[in-house]
Amino acid sequence: MDLALSDTQQMIQDTARQFADAELLPIAAKIDKTGEFPHGPIKKLADLGFLGMCVPEAWGGAGLDVVSYAIAMEEISRGCASTGVILSVNNSLVCDPIQRYGTDEQKGRFLTALAPGKRLGCFALSEPGSGSDAAGMRTTALRDGDHYVVRGTKNWITNGQEADVCVLICHTNPAERHKGISALVVDRVETPYGIGKVEDKLGIKGSSTTSLVFEDVRVPVANRLGAEGEGFKVAMSTLDGGRIGIAAQALGIARIAFEEALAYSRERSAFGNPIGDFGAIQEMLADMATEIDAARLLIWHAAAAKDAHQKYAKLSAMAKLYASEMAARVCTKALQIHGGYGYVKDYGAERHLRDARITEIYEGTSEIQRLVIARATLQELAPA
Ligand SMILES: Cc1cc2nc3c(=O)[nH]c(=O)nc-3n(C[C@H](O)[C@H](O)[C@H](O)COP(=O)(O)OP(=O)(O)OC[C@H]3O[C@@H](n4cnc5c(N)ncnc54)[C@H](O)[C@@H]3O)c2cc1C
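Predicted, not measured: the structure shown is a model, and the values here were computed from it. The numbering scheme is per chain: residues are counted from 1 as the chain's sequence reads. Local features in this predicted model are restricted to residues whose pLDDT is 70 or higher, and side-chain atom pairs enter the listing and the counts only when it is 80 or higher, whereas totals over whole chains, interfaces and linings include all residues.

Q: Help me understand the domain arrangement of the protein, please; the structure alone is not making it clear to me.
A: By a widespread convention, an interface's size corresponds to the accessible area lost as its parts come together. Under the domain assignment, the protein is made up of domain 1 (7–114), domain 2 (121–229) and domain 3 (233–381). Residue ranges for the domains originate in an automatic or database domain assignment. The C-alpha centroid of domain 3 is placed 30 Å from the C-alpha centroid of domain 2. Residues are defined as contacting one another if the C-beta atoms placed from their backbone atoms lie within 7 Å. If you look at the interface, domain 2 gives 10 residues, while domain 3 gives eight residues. Gly counts as polar in this scheme, as do all residues outside two lists: the nonpolar Ala, Val, Leu, Ile, Met, Phe, Trp, Tyr, Cys and Pro, and the charged Asp, Glu, Lys and Arg. Residues belonging to the side of domain 2 that touches domain 3 are distributed by class as follows: seven nonpolar, three polar and no charged.

Q: Is there a simple way to explain the site of the ligand in this structure?
A: Around the ligand lies a shell of 23 residues, among which S126, G131, S132, T365 and E367 are the nearest. Elements with a contribution of two residues or more to the shell around the ligand: β1 (121–124), β3 (147–158) and α11 (366–381). Mapping the shell around the ligand onto the domain boundaries places at least three of its residues in each of domain 2 (121–229) and domain 3 (233–381). The rule is simple: place the C-beta atom from the backbone, and if it lies within 6 Å of a molecule or strand, the residue is near it. The numbering of helices and of strands both runs from the N terminus, where a helix is a DSSP run of H or I of at least 4 residues and a strand a run of E of at least 2.

Q: Whenever I open this one, the environment of K233 confuses me. Can you help?
A: Examined against the element boundaries, K233 turns out to sit in helix α7 (residues 231–267). A C-alpha to C-alpha distance of 8.8 Å links K233 and S182, two positions 51 residues apart in sequence.

Q: Quick question: what am I supposed to make of the pairing of β3 here?
A: Along any regular strand, the residues point their side chains to alternate faces of the sheet. Two strands are counted as paired when DSSP detects at least two bridges linking them. Two elements, strand β2 (residues 140–144) and β3, share five bridges in a ladder whose sense is antiparallel. Residue pairing in the sheet places L142 in a bridge with V149 of β3. Alignment of β3 against strand β7 (residues 209–220), held across 10 bridges, turns out to be antiparallel. Looking at β7, one finds that G152 is bridged to F214.

Q: How should I be thinking about helix α8 (residues 279–307) in this particular structure?
A: An α-helical turn contains 3.6 residues, so a residue and the one three or four places further along point in the same direction. In this model α8 runs 42 Å from its N-terminal to its C-terminal C-alpha over 29 residues, within 8% of the 42 Å that 1.5 Å per residue would give. Taken from the residues just after α8, H309 is the one with a positive phi, measuring 55°. To estimate how far a helix should extend, the number of its residues minus one is multiplied by 1.5 Å.

Q: How should the nonpolar core be read in this particular structure?
A: Generally speaking, nonpolar side chains in soluble globular proteins are found buried as a group. By size, the foremost hydrophobic cluster in this structure holds 118 residues, and its most contacted members are A70, A254, I299 and A323. A323 has contacts with A247, A250, L251, A295, L298 and I299, leaving out every residue within four places of it along the chain. In plain words, the nonpolar core is the set of buried Ala, Val, Leu, Ile, Met, Phe, Trp, Tyr and Cys residues that C-beta atoms within 7 Å link up. Put simply, a residue is buried when 20 or more other C-beta atoms lie within 10 Å of its own C-beta and exposed when 12 or fewer do; between those, it is partly exposed, and each C-beta is set from the backbone.

Q: Would you take a moment to explain unusual backbone geometry for this structure?
A: Trans is the prevailing form of peptide bonds, just as negative phi is the prevailing case for residues other than glycine. Here I204, not a glycine, exhibits a phi torsion of approximately 30°, which is positive. By the secondary structure assignment, I204 is in the loop between β6 (194–198) and β7. Classification of I204 as buried rests on a count of 30 C-beta atoms within 10 Å. At E363, a position not held by glycine, the phi torsion is positive, near 55°. Its location among the elements puts E363 in the loop between α10 (349–357) and α11. Among the residues examined, E363 registers 31 C-beta atoms within 10 Å and is labelled buried.

Q: How should the packing of helix α4 (residues 66–79) against α7 be read in this particular structure?
A: The relative placement of two packed helices is expressed as an angle between their axes plus a distance between the axes. Put simply, α4 and α7 touch, their axes get as near as 7 Å, and they point 40° apart. Crossing geometry of α4 relative to α7 is assigned as right-handed. Only I244, G245, A248, Q249, L251, G252, I253, R255 and I256 of α7 make contact with α4, whose side of the interface consists of V66, Y69, A70, M73, E74, E75, I76, S77 and R78. Looking at the contact of α4 with α7 residue by residue, the classes come out as 10 nonpolar, four polar and four charged. Axes here refer to lines fitted to C-alpha atoms; in helices the fit is confined to the stretch in contact. Angles between the N-to-C directions go from 0 to 180 degrees. Here is the rule for handedness: rotate from the far helix to the near one, and if that takes an anticlockwise turn smaller than a right angle the crossing is left-handed, while a clockwise turn gives right-handed.

Following this line, the structure appears as structure tokens:
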């Protein structure tokens, strides 16, 4: 087994790391404080091809593999967790389903603008009354000639405020549960919808999280992704891939928390010694370093399986479950190593912990990842 990066993957890692060092780390605390969307960095990342990394060049993307995407997500999220999630939504939750389920005509209309970052996308599945139980959604898109008339409210939508293309998952046949769900691409410029509540969050404050309000919005039937009734499959398979990106986001957050704790353990003295000389601190650092590497191996395994067109739903759920819970543990330890200084905003430790927590919730909570893993494992064990 060869874990060495290819020349291209190495180049992506170097580019993303340099970008994070130069463009993100210096402003990440300010983004957290002001809650401002990082328009400047996102524009530059678009120019680098990071908004549609796995989209073929013919459709405006960078034509890279999923491992490269995971590497980029780790590095960018190390620099700024908000920028990381903005990137992951456009790549994993918007470009990916349009690429996999879209017709050439839809790819020409949407992907060629989304992949190079000329437009930004969002993915709308969750609702006020349904998150984990996604099929319990209430939003409907009822057929009227060549259009669907969309009515309902989506909740918690990342990029909701800035995005002008929305991959919307909704009921086209409310009498059915999963089988009555379809996926539509809604062009906010052509068919405007409303932006509702803007959430005030614990972390990832530079990314907007809003509700989207559809009041009889007429969406052309030509904008449907896949067949009518195939939307639940579109959504779930999209999240299978998305989890690789979120796992890498968690890994990047853990890494910056670890790096800062390591530096602090060398510079802070107590009882006449750097605190890094104490066994208790060393144990924490050792656990943090080990868990960070373990998470990366799970993420690369899932990404490589997706690249090889192998089954990867269980692997991506395992990567997200482990990496997100690992990030919370690592960030808690990093805060502890900073002592009182970890609890105040002079250092990044408290921000990293706040940023890390969301990775255990979105794109399926840890409880849902365990369900996915358990079901897949039980299926593998079932007699043929
Ligand atoms: C900042 C942020 C950004 C988000 N971005 C997006 C986005 O861009 N697009 C989008 O569609 N959604 C988005 N979400 C929504 C997110 O995916 C959901 O919040 C998440 O799936 C959980 O759903 P819920 O909040 O309704 O919690 P619930 O589903 O109500 O869950 C509540 C608790 O019950 C547990 N639970 C539920 N069902 C089970 C079960 N069967 N077994 C065991 N435990 C269970 C959960 O794990 C959780 O602990 C975002 C959320 C946040 C906070």
